[in-house]
Amino acid sequence: MARTRVSAPGGAAPPLIAVALISAAALAYEILLMRLFSIILWHHFAYMIISLALLGYGASGAVLTLTQRAVRQRFAPLFCASAAAFGVGAIVCFALAQRVPFNPLEILWDRRQPAYLFAVYLLLLLPFLCAGACVCMALSCWRGMLSRIYSFDILGAGIGSLGVVALLFVLSPADALKVIGALGWVAAAVAWLECAGPKRWPAALLMAAAGLPWLVPPAWVEPAMSPYKELSQTLRIPDARVVAQRSSPLGLVSVVESPRVALRHAPGLSLNASAEPPPQLGVFTDGEGLSALTRFDGRLDSLVHLDQISSALPYHLLHHPRVLVLGAGAGADVLQAHARGARQIDAVELNPQIVDLVRGRFADYAGGLYSGIARVHVAEARGFVAASTQRYDLIQVALLDSFSASSAGLYALSENYLYTVEALQDDLRHLQPGGLLAITRWITLPPRDALKLFAAAVVALERSGVADPGSRLALVRSWKTSTLLVKNGALSGEDIAAIKAFCTARSFDVAFYPGMQPEEANRYNVVEGPDLFDAAVALLGPGREEFLQRYKFNIAPATDDKPHFFHFFKWRALPELWSLKQQGGLPLLEWGYPVLVATLVQAALASLLLIGLPLAWVTWRSARQKDRVPLAGSRGRVLVYFLAIGFGFMFIEIAFIQKFVLFLSHPLYAVAVVLFAFLLFAGIGSRVSTRLQNDKLRHPLAAVALAISGSAALCLALLPWLFQHAMGLPDSARILISAALIAPLALFMGMPFPLGLARVEATDPRLIPWAWGINGCASVTAAVLATLLAIHVGFTAVVVAALVLYGVAAAARP
């Protein structure tokens with residue numbers, strides 16, 4: 001294809017470094033907003049707000065489609081103004097957005113809440129509109145250098161994704177926000193130096209303005225936590241105060257002391273208990289997930305309350321076991337193991353800040369819990385088990401999530417690899433003969449968590465070759481928690497007698513054990529019917545699939561390909577749940593999933609507006625000026641092509657981040673490594689794509705689509721082998737393997753956008769901003785749709801859908 005190099009505005013060089021800087025700042029801002037709004041609200045509301053705000057990229061394409069002539073005439077001032085506006089807006093818009101009285105929990109009752117939500121959308125959209133405008137202006141005005149500009153854009157984004165994670169280890173989110181705001185001013189200064197001629201003093205002024213964010217009062221940008229989060233509620237206790245706080249990309253850890261009204265955290269404590277817990281501190285992560293840090297003075301008799309909760313059951317079937325605690329938190333389960341005579345305790349905790357607090361500042365308070373009593377491993381639980389060669393008598397999966405958040409369905413969008421069928425199989429392989437896997441969950445009515453876990457255990461045992469899974473399972477419940485036991489061997493009569501005696505002494509209910517009779521269920525904590533027992537029998541019987549289909553909530557077992565354990569929502573239950581609104585029935589509605597669907601609808605509608613309006617304008621203006629109007633078929637091809645590659649890129653990126661969470665054994669590593677590797681090698685691929693834009697390769701887009709399909713198929717084929725054979729390698733080796741595996745796929749995925757944009761340039765350059773906007777809108781909508789599809793069909797199917805989309809793009813090439 002012959003290309004004409006169009007001279008830039010004023011004959012200046014393109015602002016490549018400035019494009020990279022503003023892209024880095026924008027992606028860092030996106031990730032930081034997720035962190036900030038996870039503190040302020042909950043994860044899935046943060047996801048909804050920021051997904052819609054990212055439509056600012058699509059909006060920038062729409063705006064520039066309408067103003068191309070003005071941009072070409074005054075490129076440098078407009079670029080610098082947009083970059084500086086991002087620097088201001090990143091801070092000011094966030095400060096204003098968190099002062100909007102939006103409360104997602106009131107959105108169905110308060111008619112003002114949708115308006116408040118719309119105001120938050122608009123405020124957070126503005127910085128992304130400014131950042132997107134910078135990149136789009138550069139692509140529009142330097143039409144002979146599209147691949148080079150796009151490569152700097154995507155490489156900058158990759159650096160920003162890695163940089164903000166590193167930044168959050170040393171700075172609070174509020175201070176990181178100021179750094180990102182300053183980066184917008186720096187990008188403006190660099191852009192002036194790159195393309196505005198000999199005058200240097202405006203650049204000096206812009207660089208000096210980069211210090212302005214540090215003059216912003218801290219109170220303006222500190223995240224203001226929702227009053228409905230657990231930490232906010234706890235701090236309403238008279239004299240309760242935060243005595244320690246640590247921040248990192250893994251969460252904001254807060255330690256709370258309440259000297260006047262003692263904190264008492266013992267989930268599901270028996271109503272027969274005669275001893276109260278000793279003094280405790282509350283440990284919260286992002287204002288949720290209360291974990292108790294108990295004062296321990298070395299006297300085991302001070303811990304008798306830990307024998308009065310359902311998680312103590314396995315210690316009545318085992319004597320002096322070797323124990324592995326997964327998700328140790330502040331150490332309540334470790335103390336329980338110590339109090340019940342465990343001869344060895346290994347504790348696994350993901351967040352190093354919690355470990356440092358228990359081992360350091362509060363070491364004396366905790367009685368040396370993490371420095372002498374247990375061996376502590378800072379790791380992701382699933383990865384630790386997979387890499388371990390040891391076998392244990394008891395593997396205890398701790399109860400760490402918040403009851404209020406769990407019961408409201410606020411974790412419905414969260415992937416959790418601890419409760420999948422494959423995870424349970426892995427746990428069982430690490431048990432000694434006769435060993436126990438014990439998992440404690442909150443009780444919800446109607447039952448959800450406990451049944452989904454029971455179903456996963458049944459399938460895990462069947463896949464492990466157990467002919468009679470029911471002979472190895474027992475389930476008990478207190479008034480607030482349930483504990484599932486899975487034995488590596490059949491439960492004996494002695495085991496069953498111990499289970500019955502444990503429950504009788506504490507007024508707990510036996511929900512299932514081998515040979516149990518219906519009249520033995522639902523004796524103490526009486527509910528309408530023995531739902532847990534009836535469901536357990538159904539899940540073990542031949543009518544399991546029919547029962548799963550008929551049950552009002554989704555309790556089908558989670559798998560590694562569909563790891564959304566907390567997704568219980570079924571659409572057919574919505575009318576009944578909605579009819580209970582006036583009776584307080586909406587807590588039964590799993591909020592996360594409907595919010596995700598609402599986000600998808602909003603993103604799709606906004607995208608239609610942002611894509612359709614500029615096209616109508618170009619067509620009308622061309623007709624009015626009697627200019628050449630792009631053919632309808634050409635416009636359709638541009639639309640289909642850039643929609644397809646936008647959806648395809650995001651589908652693969654999101655699916656691979658989740659796939660590599662298991663291999664890298666850490667969600668933070670997965671996000672940082674996969675996102676950086678994709679963007680880095682995609683940027684390189686963008687530069688390489690210029691070599692394909694010649695007449696020798698007749699169908700470069702088809703060849704690239706074929707290469708993407710082959711690379712993705714190779715990755716999917718190799719990942720199971722890696723999970724099985726390379727999990728024990730050091731972190732550095734697994735990171736290098738991950739990057740090497742992603743590199744060829746990402747390299748090819750960086751080519752379709754510049755190749756397509758070059759074809760648009762040759763056909764009708766006025767459509768370049770429109771193509772940019774289409775791609776931006778598609779990326780935002782795809783991020784939401786990928787999660788929705790993964791919930792229903794799994795991440796592998798999402799990757800396959802992406803490959804089909806790349807095939808569509810090759811067929812519809814402009």
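Provided above is the structure to which this section pertains.
An account of the accompanying structure is given in this report. (Residues numbered from 1 in each chain as written. Predicted model: local features only at pLDDT ≥ 70, side-chain atom pairs only at ≥ 80, totals over all residues. Heavy atoms only, no water.)

1. Remarks on the overall build of the chain
Within the chain one finds 30 helices and twelve strands. Relative to its full complement of 814 residues, the chain shows a buried share of 60%. A fraction of 77% describes how many contacts in the chain between residues 6 or more apart in sequence connect residues 24 or more apart. For the chain, the accessible surface area stands at approximately 30,900 Å², while carbon and sulfur atoms represent 62% of it. (Helix = DSSP H or I, 4+ residues; strand = E, 2+ residues; numbered from the N terminus. Buried < 20%, exposed > 50% of the residue type's maximum accessible area, 1.4 Å probe, protein only. Contact = heavy atoms within 4.5 Å. Areas by Shrake-Rupley, 256 points an atom, 1.4 Å probe, with all protein chains shown as cover.)

2. Re the pairing of strand 4 (residues 288-294)
The buried fraction of strand 4 amounts to six of the seven residues, a majority that puts the element mostly inside the structure. Sheet topology note: the strand 3 (residues 280-285)/strand 4 ladder contains five bridges and is antiparallel. Within strand 4, the position partnered with valine 283 by the bridge is serine 291. (Pairing = 2+ DSSP bridges.)

3. Observations regarding helix 9 (residues 201-209)
In an α-helix, one turn spans 3.6 residues; hence positions three or four apart end up facing the same way. All of the buried residues along helix 9 are Pro202, Ala203, Leu206 and Ala209. All buried residues of helix 9 project into a common sector of 120° when viewed along the axis, lining one side. Seen from the open side of helix 9, the exposed residues pointing more than 90 degrees away from its buried face are Trp201 and Ala208. On its buried side, helix 9 packs onto helix 5 (75-97) and helix 8 (173-195). (Arc of directions from axis to C-beta.)

4. Concerning the packing of helix 18 (residues 449-463) against helix 20 (residues 531-540)
Taken N-terminus to C-terminus, the directions of helix 18 and helix 20 make an angle of 25°; their axes are 10 Å apart at the nearest point. Considered as vectors, helix 18 and helix 20 are oriented roughly parallel to each other. Two packed elements cross with a definite hand, and for helix 18 against helix 20 that hand is right-handed. Seen from helix 18, the contacting residues are Ala450, Leu451, Phe454, Ala455 and Val458; seen from helix 20, they are Leu532, Ala535, Ala536, Leu539 and Leu540. Partitioned by chemical class, the residues of the contact of helix 18 with helix 20 number ten nonpolar, no polar and no charged. (Axes fitted to C-alpha atoms, helices over the stretch in contact; angles between N-to-C directions. Parallel < 35°, antiparallel > 145°, perpendicular 65-115°, else oblique. Left-handed = near helix turned anticlockwise from the far one by under 90°. Nonpolar A, V, L, I, M, F, W, Y, C, P; charged D, E, K, R; others polar.)

5. Notes on unusual backbone geometry
That bond from leucine 445 to proline 446 is cis: its omega, -10°, falls within 30 degrees of zero. Within the secondary structure layout, proline 446 lies in the loop between strand 9 (431-442) and helix 18. Of note, aspartate 239 is a non-glycine position whose phi angle comes to about 70°, a positive value. For aspartate 239, a relative accessible area of 45% translates into the label partly exposed.

6. Section: the pattern of salt bridges
Taken as a whole, this structure holds 20 salt bridges when the rule is applied. Between aspartate 239 and arginine 260 there is a salt bridge, and its shortest N-O distance comes to 3.0 Å. Within this pair, whereas aspartate 239 is found in the loop between helix 11 (230-234) and strand 1 (241-248), its partner arginine 260 is found in the loop between strand 2 (251-257) and strand 3, the two being separated by 21 residues in sequence. Between aspartate 449 and arginine 441 there is a salt bridge, with its nearest N and O atoms 2.9 Å apart. The exposure class assigned to arginine 441 is buried, which follows from its relative accessible area of 0%. If you follow the salt bridges from partner to partner, you end up with Asp297, Arg299 and Asp301 in one network. (Salt bridge = Lys/Arg side-chain N within 4 Å of Asp/Glu carboxyl O.)

7. Thoughts on the sheet that holds strand 1
Taking strand neighbours across the sheet as the criterion, the four strands line up as 1-2-3-4 in an open arrangement whose pairing is antiparallel. This sheet does not close on itself; its edge strands, each paired only once, are strand 1 and strand 4. When strand polarity is set aside, the average angle formed by the axes of neighbouring strands in this sheet is 20°. Of the pairings in the sheet, the one linking strand 1 to strand 2 comprises seven bridges and is antiparallel in character. Each bridged residue has a counterpart across the sheet, and for arginine 241 the counterpart in strand 2 is glutamate 257.

8. Things to note about the packing of aromatic side chains
With the rule as written, the count across this model stands at 24 aromatic pairs. A ring pair is formed by tyrosine 419 and phenylalanine 565, whose centres lie 4.7 Å apart and whose planes are at 45°; its orientation type is tilted. Highlighted residues: tyrosine 419 in the loop between helix 16 (403-407) and helix 17 (421-429) and phenylalanine 565 in the loop between helix 21 (544-550) and helix 22 (574-579), separated in sequence by 146 residues. The same class applies to tyrosine 419 and to phenylalanine 565, which are both buried. Seen in terms of ring centroids, phenylalanine 642 and phenylalanine 753 are 5.6 Å apart; in terms of plane orientation they differ by 80°. Their pairing is edge-to-face. Pair noted here: phenylalanine 642 is in helix 24 (residues 632-664) and phenylalanine 753 is in helix 28 (residues 752-763), with a separation of 111 residues, a long-range link. The class of phenylalanine 753 is buried, set by a relative accessible area of 3%. (Phe/Tyr/Trp six-rings, centres within 6.5 Å; stacked < 30°, edge-to-face > 60°.)

9. Focus: the environment of alanine 262
Within the element layout of this structure, alanine 262 appears in the loop between strand 2 and strand 3. Overall, alanine 262 belongs to the partly exposed group, its relative accessible area being 41%. Put simply, alanine 262 and glutamine 280 are 18 residues apart on the chain and 7.4 Å apart in space, counted from C-alpha to C-alpha.

10. Focus on empty space enclosed by the protein
With the rule as written, the count across this model stands at six cavities of 30 Å³ or more. Its volume calculated, the second largest cavity comes out at about 260 Å³. Lining the second largest cavity are 20 residues, with Pro267, Ile309, Ala332, Asp333 and Leu399 positioned closest to its centre. When residues of the lining of the second largest cavity are traced back to their parent elements, those giving at least two are strand 4 and helix 12 (332-339). Taken together, the residues of the lining of the second largest cavity break down into eleven nonpolar, eight polar and one charged. (1 Å grid on protein atoms, 1.4 Å probe; cavity = no way out; pocket = protein on both sides within 12 Å on 5 of 7 lines; lining within 4 Å. Points joined across faces, edges and corners; volume = space filled by probe spheres on them.)

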